[in-house]
Amino acid sequence: MRIKYQFKTAVTGLFTHKSRSLLTILGIVIGIASIILIASTGESAEKLITNELGGLGAETIVVRPGKQPKGPSDFADTLLSDSLKDRELEALRKKSNVPNAVDISPEVLISGSALYQGQTFKPVILGFSAEFMEKAMQLRISDGDIFTEQDIRGKARVAIIGSRVKQELFGEENPIGKNIQIKDTKLRVIGVYQQRGQVVFFNADELVVIPYTTAQTYLSGVKHYMQIVVRAENAALVDRVVYDIKQTLRDLHNITDPDKDDFHVDTQKGIVDQVQTIIGVFTIFLSLVVAISLIVGGIGIMNIMLVSVSERTREIGLRKALGATDKNILSQFLLEAVLLTGVGGIIGVAIGSLLSVFATIAIGSYMSTSVAFAFPIIRSLIGITSSMLVGLVFGIYPARQASKKSPIEALRYE
Amino acid sequence: MSLINTKNLGKTYFNEGVATNALHDVSFSIDEGKFVAIMGASGSGKSTLLHILGFLDRHTDGEYRFDGKTIDEHSEENIAHVRNKEMGFVFQTFNLLARTTVLENVKLPLLYSRVPESLWNERALSVIKSVGLSHRLDHESSQLSGGEKQRVAIARALINRPRIIFADEPTGNLDSKSGEMVMDTLQKLNQDGHTILLITHETYTAEHAERIIKIHDGEIISDDLVKNRRTTNHFIK
């Protein structure tokens, strides 16, 4: 039987029961739409995170206290360990120890609110180096100036604030030269950052950046650092710098067995790899759930195809009497099932893509950044193909039932 | 050589361990170009016989040869091909595809044939014309009268230029006028050289054939030529 006519027959068969056909493919539509939604938002999120992390510079290296966390319980070690202090910072700053490091700054994170004339805001308070912040995160100043190394050494009580902090505390007023209060310490605002939005794990607009020495002395009261951020001369030297950092700290702490390290070193590449792995695992897990929904959809297809075969028993008998072979009948019903699920797949891809665009816009607005919608062409094709495969697999049994009908029994069927 | 040849043909159905003898010791032959009626009351076995003759069912006893070959000498695929190419079927209930036009219904057997697609329309138009339905080409089967439906079924049976047409109670669902038209069509086809095997329970309808084989309880009780054959010929000119 000519494929063109088989196709026509299949389309006629499906259009005869429009609402039934639509309801039948609903399971497939939902399954495929979910695949596309998960795949494209996963891809967009991955792109966003890797771009943002990439924005920090591939040459950025982070030294953290405590051993390399291998599970959730190890993070406590990182938070509680005080293995990174001034002594370690000074050792790392020595050119003889880490010759290929160009910038080094410790980081101190403070929890607290900022006050200005009765206005309160809870910002992200970061004790850091303003120059490093500018170089590593591309955070630029819109007003005023950044604090210098001299300010850091002198524990100057100065701050650079994010655009949202400025808005919340000062409104339209010029904040430069004004004092904000964090805990009991007054800090003079010397600069305001340009609006930037979400940068990886924090919102740059909600930052208050102060010299790390100031943060230690007046706000945290502890001598150790949360982390020390190091910038290598270039990305190719990252491995070399990591090696030098490890050797320097091991020598300083008299560690001979690397398993007993009381610090760990993360590179941006390592973080990007980790994030990609997590997103990958998450995507696979969700895809498995979707695969199960496709199987359920397939069972629905089989059920309806069996009903259709039963309803069209006389037609099958007639076609056989007029010369159709078992193979003709089998392929006709298989084509119907594949067409049904194929259409379901296409509708699913369309709906999934539409939802993905909305989801991407939503993520973008939440993260205050623009996220490009990544239409997963390959996954769409896989989605449509797999839906057709579902039709083929679950259509086989009903189609075989149809093809095996005796023409006489079928013609007598009422 | 006869087109149809049966020798001591029998058919026994087995249903839940109970054997029912539907046909017994049926022997006859039909030559090409003849118009033969098989007549019998309901349950006499005439439809069972037609199904066996049309390769739609298999006999259990005796022998049946179509054009010299038994059904067992054909592969399953070839049986379908014989039904498609050599035989045409007309059923009492028309069996047209719903929501399908006259033209598409008539073309249906071509879908399973080896006839080149370029000839399909020409052939379909020609047979539709021969049953007088050229003006109904694009009408769906549901828009036709009973008589028209049966004439579409006859056109469909003719499309592959079969050697025999099996007509199973073709007037059974029709009023007398429509029935007469259908019988005229069959007679005309016979005059053009087609072999017709008609199944009916009515003497009046059977008398349109040239020979009547009467069946009762699965056995042939008479096999005679029709002395006063009915011909009206007011429809086919």
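You'll find the structure just up there.
Residues numbered from 1 in each chain as written. Chains lettered and ligands numbered in written order. Predicted model: local features only at pLDDT ≥ 70, side-chain atom pairs only at ≥ 80, totals over all residues.

Draft legend 1. Fine view of the overall build of chain B. Check the secondary structure of chain B and you find seven helices and nine strands. At a minimum sequence separation of 6, the contacts of chain B that also span at least 24 residues come to 70%. (Helix = DSSP H or I, 4+ residues; strand = E, 2+ residues; numbered from the N terminus. Contact = placed C-beta atoms within 7 Å.)

Draft legend 2. Fine view of the packing of helix α4 (residues 86-93) of chain A against helix α9 (residues 238-253) of chain A. All names here are of chain A. One way to put it is that α4 packs onto α9 with a least axis distance of 10 Å and a crossing angle of 135°. Considering their axes alone, α4 and α9 lie oblique with respect to each other. Along this stretch, α4 crosses α9, giving a crossing that reads as right-handed. Only I245, T248, L249 and L252 of α9 make contact with α4, whose side of the interface consists of R87, E88, A91 and L92. A per-class count over the contact of α4 with α9 returns five nonpolar, one polar and two charged. (Axes fitted to C-alpha atoms, helices over the stretch in contact; angles between N-to-C directions. Parallel < 35°, antiparallel > 145°, perpendicular 65-115°, else oblique. Left-handed = near helix turned anticlockwise from the far one by under 90°. Nonpolar A, V, L, I, M, F, W, Y, C, P; charged D, E, K, R; others polar.)

Draft legend 3. Up close: the sheet that holds strand β3 (residues 35-39) of chain B. Residues and elements named next belong to chain B. With mixed pairing, the six strands of this open sheet are ordered in space as β5-β6-β7-β3-β8-β9. With one partner strand each, in any of the chains shown, β5 (87-90) and β9 (219-225) form the two edges of the open sheet. Between one strand and the next, the sheet's axes are offset by a mean angle of 15°, whatever the strand orientation. Pairing analysis gives four bridges linking β3 to strand β8 (residues 211-216), with the strands arranged parallel. By the bridge assignment, I38 is partnered in β8 with I213. Helix α6 (residues 176-191) rests against β3, β6 (164-168) and β7 (195-200) of the sheet, and its axis sits at about 150° to β7. (Pairing = 2+ DSSP bridges.)

Draft legend 4. Geometry of the interface of chain B and chain A. Contacts between chain B and chain A engage 19 residues on the former and 17 residues on the latter. Sorting elements by how many residues they give to the side of chain B that touches chain A places helix α2 (residues 76-85) of chain B first, with six residues. For the side of chain B that touches chain A, a count of residues per class yields eight nonpolar, five polar and six charged.

Draft legend 5. Summary view of unusual backbone geometry. Here K155 of chain A, not a glycine, exhibits a phi torsion of approximately 50°, which is positive. In this structure, K155 of chain A sits in the loop between α6 (149-153) and β7 (158-161). Notably, N95 of chain B is not glycine yet its phi reads approximately 50°, a positive angle. With respect to the element layout, N95 of chain B can be found in the loop between β5 and α3 (102-107). Judged by the 21 C-beta atoms lying within 10 Å of it, N95 of chain B falls in the buried class. (Buried ≥ 20, exposed ≤ 12 C-beta atoms within 10 Å, placed from the backbone.)

Draft legend 6. Expanded view of the sheet that holds strand β2 (residues 18-30) of chain B. All names here are of chain B. Read from one edge of the open sheet, three strands run β2-β1-β4, paired in antiparallel fashion. Only two strands of the sheet have a single neighbouring strand rather than two, namely β2 and β4 (61-66). Here the average twist between neighbouring strands, direction ignored, is 30°. By the bridge criterion, five bridges tie strand β1 (residues 4-15) to β4 in an arrangement that is antiparallel. In the sheet register, G10 faces β4, and the bridge partner there is D61.

Draft legend 7. Helix α10 (residues 268-311) of chain A, seen in detail. Spanning 44 residues, α10 of chain A covers 63 Å between terminal C-alpha atoms, matching the ideal 64 Å at 1.5 Å per step. Every buried residue of α10 of chain A is listed here: Q268, V290, L294, G297, G298, I301, I304, M305, S308 and V309 of chain A. (Expected span 1.5 Å × (residues − 1).)

Draft legend 8. Region of interest: the pairing of strand β14 (residues 263-267) of chain A. All names here are of chain A. Burial of β14 is extensive: four of the five residues sit out of reach of the surface. Inspection of the sheet shows strand β1 (residues 60-65) paired to β14 by five bridges, in the antiparallel sense. Paired with V62 across the two strands is D266, which belongs to β14.

Draft legend 9. The nonpolar core, seen in detail. Counting residues in hydrophobic clusters, the biggest one holds 106 residues, and the most contacted among them are F333 and A337 of chain A together with I38, A155, F166, L197 and L198 of chain B. With eleven residues, helix α12 (residues 326-366) of chain A is the largest single contributor of residues to this core. Residue contacts for L197 of chain B: discarding those within four places in its chain leaves I30, V36, I38, L53, I164 and F166 of chain B. Formed by 52 residues, the second largest nonpolar core is a distinct cluster that contains A130, M133, I190 and M226 of chain A. (Core = buried A, V, L, I, M, F, W, Y, C linked by C-beta atoms within 7 Å.)

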